[in-house]
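Tertiary structure, described
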Amino acid sequence: MNPKNNLAEKVVAICQPNFLPWIGYFEMGHRADVYVMLDDVQYVRREWVNRNKILSKSDQGWQWVVVPLKKKKRESMINEMEIQNSERWSEKILNTLHHVYGKAPFYNMYIENLSMILSKECCLLVDYNIAIIKMVYNILGIKNNLVLSSELDISSKRDDKLTDICEHLGASIYLANNGSKPYIDQAKFYQKNICFVFQDYDHPIYSVQQYTFVPYLSVIDVLFWYGPDALEIILQGRKQNWIEENTFDK
């Protein structure tokens, strides 16, 4: 099957519900028909579910913003992770954002909505993350195509879970994060008549005024600097013929 000749093609992407994700995360969401938030898999420390990078005035050029979590069993799922609210973490993050981005052109346009989300007394990390992702969707004008994997009741593991999700949703194309290259078996998708495409996103470079540009930061970086033009910048990293270049007849 060649997807460019398939008028009924359906693109499904699957990513964990990360905290303040980077811009490529939203390019993927913009490209997909259904964007599955993989919340019923094991939480892994020191990845992106409860932290991300923003600009810094230090020589390093970037810094972490982190949501502290309560200790859980090692095999706990992402949607079971609870926030350690006693650490006043949201106040710390908001103060850091103000210190770095307070004079950015569109900081005042978006910080109130972000502050409202971060200041809520929620228990589960996933609730914060999904609320932030939906907020960014709304700012960028992306249609809400988000689905929680836990709502699909798919019990398989690893890449079998991904193929089963795609089959359940009637996908003709699976849009994969480049980070999955080392461990994913593409043949499992082809066996289910699903084309497989890696995102292959080229991070655009944009001006950050007096700072030195740093790639792979949270999406809030481009939002605070460019506001309504942020989506145009984000989409600059997309290859124009991404389907034709990354799929083949099976």
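Our structure's up above, just so we're on the same page.
Below you will find a few notes about this structure.

Procedures and definitions
Residues numbered from 1 in each chain as written. Predicted model: local features only at pLDDT ≥ 70, side-chain atom pairs only at ≥ 80, totals over all residues. Heavy atoms only, no water. Buried < 20%, exposed > 50% of the residue type's maximum accessible area, 1.4 Å probe, protein only. Helix = DSSP H or I, 4+ residues; strand = E, 2+ residues; numbered from the N terminus. Contact = heavy atoms within 4.5 Å. Pairing = 2+ DSSP bridges. Axes fitted to C-alpha atoms, helices over the stretch in contact; angles between N-to-C directions.

Moving on to helix 5 (residues 158-168). In an α-helix, one full turn covers 3.6 residues, which means residues spaced three or four apart are oriented alike. Turning to helix 5, its buried residues are Asp 159, Lys 161, Leu 162, Thr 163, Ile 165 and Cys 166. The inward-facing, buried residues of helix 5 contact strand 1 (11-15), strand 2 (34-37), strand 6 (173-176) and helix 6 (186-191). Trailing helix 5 by a residue or two, Gly 170 shows a phi angle of about 70°, which is positive.

A word on the sheet that holds strand 7 (residues 195-198). The strand order across the open sheet formed by five strands is 5-2-1-6-7, and the pairing between neighbours is parallel. Strands at the two margins of the open sheet, each flanked by one partner only, are strand 5 (146-148) and strand 7. Taken pair by pair, the neighbouring strands of this sheet meet at an average axis angle of 25°, ignoring direction. Inspection of the sheet shows strand 6 paired to strand 7 by four bridges, in the parallel sense. Among the inter-strand pairings, Ile 173 is bridged to a residue of strand 7, identified as Cys 195. Across the sheet, helix 4 (residues 125-140) lies against strand 2 and strand 5, angled at about 170° from strand 5, the strand it touches most.

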